[in-house]
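# A structural walkthrough
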Amino acid sequence: KTATMKPERLLMQCTFEFAGSGSAFTAFADNFHSNMLLTVRDSVLGTQRLLIDCGSDARLSLPRIGIHNVTDITAVYISHLHADHIGGLEWLALQSKYGPVPHRPRLLTSQYLVKPLWEQSLAGGLCFSDDGVVDMSYYFDVEPIAGQPCETDGKFTFAGIDFAVIPVPHVGYGNPLMCSYGLFFAVAGVKVYLTTDSKFDPDLGSRWYAQQADLIFHDCETGPKTGVHSHFSTLCELPAALKKKMWLYHYNPGPLPSATEHGFLGYVKPGQCFDFQQLSASQR
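Residues numbered from 1 in each chain as written. Predicted model: local features only at pLDDT ≥ 70, side-chain atom pairs only at ≥ 80, totals over all residues. Heavy atoms only, no water.

### Focus: helix α4 (residues 111-126)
Note the following rule: What is called the bend at a residue is the angle between a pair of axes, fitted to the seven residues leading up to and ending at it and to the seven starting from it. A run of H or I in DSSP becomes a helix once it reaches four residues, and a run of E becomes a strand once it reaches two; helices and strands are each numbered from the N terminus. Burial classes: relative accessible area under 20% of the type maximum marks a residue as buried, over 50% as exposed, and values in between as partly exposed (1.4 Å probe, protein chains only).
The sharpest bend along α4 measures roughly 45° and falls at leucine 117. Turning to α4, its buried residues are Leu113, Val114, Pro116, Leu117, Trp118, Leu122, Ala123 and Leu126.

### Side note on the pairing of strand β14 (residues 246-249)
Stated precisely, the cut-off is as follows: Strand pairing is assigned whenever DSSP identifies at least 2 bridges connecting the two strands.
Residues Met246 and Leu248 of β14 are buried on one face, and the alternating residues Trp247 and Tyr249, pointing to the opposite face, are buried as well. Of the strand pairs in this sheet, strand β13 (residues 215-219) and β14 are connected by four bridges, and their pairing is parallel. Note on β14: the bridge partner recorded for isoleucine 216 is methionine 246. Sheet topology note: the β14/strand β15 (residues 266-267) ladder contains two bridges and is parallel. Pairing of leucine 248 across the sheet is with tyrosine 267, part of β15.

### Topic: the side chain of aspartate 53
Test applied: Think of it this way: Lys and Arg go in the positive column, Asp and Glu in the negative one, and His and the chain ends go nowhere. Each reported salt bridge corresponds to a side-chain nitrogen of Lys or Arg within 4 Å of a carboxyl oxygen of Asp or Glu. In protein, a polar contact requires one atom able to donate a hydrogen and another able to accept it; more generally it is a pair of N or O atoms within 3.5 Å, and residues adjacent in sequence count only if both atoms are side-chain atoms. Here, two residues are considered to be in contact whenever any of their heavy atoms come within 4.5 Å of each other.
Here aspartate 53 is to be found in the loop between β3 (46-52) and α1 (58-64). Within the buried set, aspartate 53 has no salt-bridge partner at all; the shortest N-O distance to an opposite charge, 15 Å, is to arginine 106. For aspartate 53, the side chain forms a polar contact with the side chain of histidine 85, separated by 2.7 Å. In contact with aspartate 53, other than residues within four places in its own chain, are Asn35, Tyr77, Ile78, Ser79, His80 and His85.

### Some thoughts on empty space enclosed by the protein
Threshold: Method remark: on a 1 Å grid restricted to protein atoms, a set of points is classed as a cavity if a 1.4 Å probe fits but cannot get out and as a pocket if it is open with protein on both sides within 12 Å along at least five of seven lines; lining residues have an atom within 4 Å of a point. Grid points are joined across faces, edges and corners, and a volume is the space filled by probe spheres set on the points.
On inspection of all chains with the given rule, the structure shows one cavity of 30 Å³ or more. Of the voids in this model, the largest cavity is the one considered here, and its volume is about 70 Å³. Lining the largest cavity are twelve residues, and of these Ser110, Ala146, Gly147, Gly154 and Tyr181 sit closest to its centre.

### Considering the environment of valine 133
Along the polypeptide, valine 133 turns up in strand β7 (residues 132-133). The spacing of valine 133 and alanine 123 is ten residues in sequence and 9.7 Å in space, taken between C-alpha atoms. Residues within four places of valine 133 in sequence aside, it is in contact with Cys127 and Phe128.

### Structural notes on the sheet that holds β15
Selection rule: Axes here refer to lines fitted to C-alpha atoms; in helices the fit is confined to the stretch in contact. Angles between the N-to-C directions go from 0 to 180 degrees.
Spatially, the seven strands line up as an open sheet ordered β9-β10-β11-β12-β13-β14-β15, and their pairing is mixed. Strands with a single pairing partner mark the edges of an open sheet, and in this sheet they are β9 (154-158) and β15. The sheet contacts of helix α8 (residues 276-283) involve β11 (179-187), β12 (190-194) and β13, and relative to β12 the element is tilted by about 120°.

### Overview of the environment of aspartate 162
Mapping aspartate 162 onto the fold places it in strand β10 (residues 161-169). Taking the relative accessible area as the measure of exposure, aspartate 162 reaches 56% and is therefore exposed. Separated by 149 residues in sequence, aspartate 162 and glutamine 13 have C-alpha atoms that sit 16 Å apart. If near-sequence neighbours (up to four positions away) are discounted, aspartate 162 is found in contact with Phe156, Thr157, Phe184, Phe185 and Ala186.

This is how it looks when you write it as structure tokens:
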């Protein structure tokens, strides 16, 4: 008998698009919460989309980047439990369950966040249905990501791309529920580190994920210092070699200090899209 050869996968396109690039205090006038969409198109799997966080304004920001149906979202990754990162999940769950085309997105998040995400945030609006009392698996294919508390050993795969989960302190220190779970991944030879929400790390330059990254998307507080985000003034203290591969996002509404004058690549604009094949070609 002749062995059947599996078709070779060909990555046709991979983009990383910001539905919004603002902080939790963004008021929709010209920006939205910092939720991101990774779109992967290849010759075997077709088009798959990973929504990274789903803030309260997702129902407004996603149509702005061409996502008009929740069936276009294959999976959602949740970094932590603040409303600008999870406030749109109830809408996504109900639209997926009861919309014109029933749909079950994958829901990926740290194993430490699954229970509080449901019990402390979503259950109030979603636990009762015509089928009785339900849990999160009624709406999503829940995939807890294993790993030690606040250690960089969690991982998952989406559309053939391997992601390393990078816990960073956000509110308080050491408690896995107070971490935000950032991501490190590589596409088309471009290595990316996404902080999600993080306190300032003065030793960032010595972290393997920052050293290896070709691009760093770093949250940046531009209003009064709160201590739960990396402030622009402290990010300016980082080494020049680190800043020159760093885009800033999750900034406050209002006037912004110049990012490029301080050695950064700039501020991510709402709707800005990064094409990894083009970025890879520019690095050659």
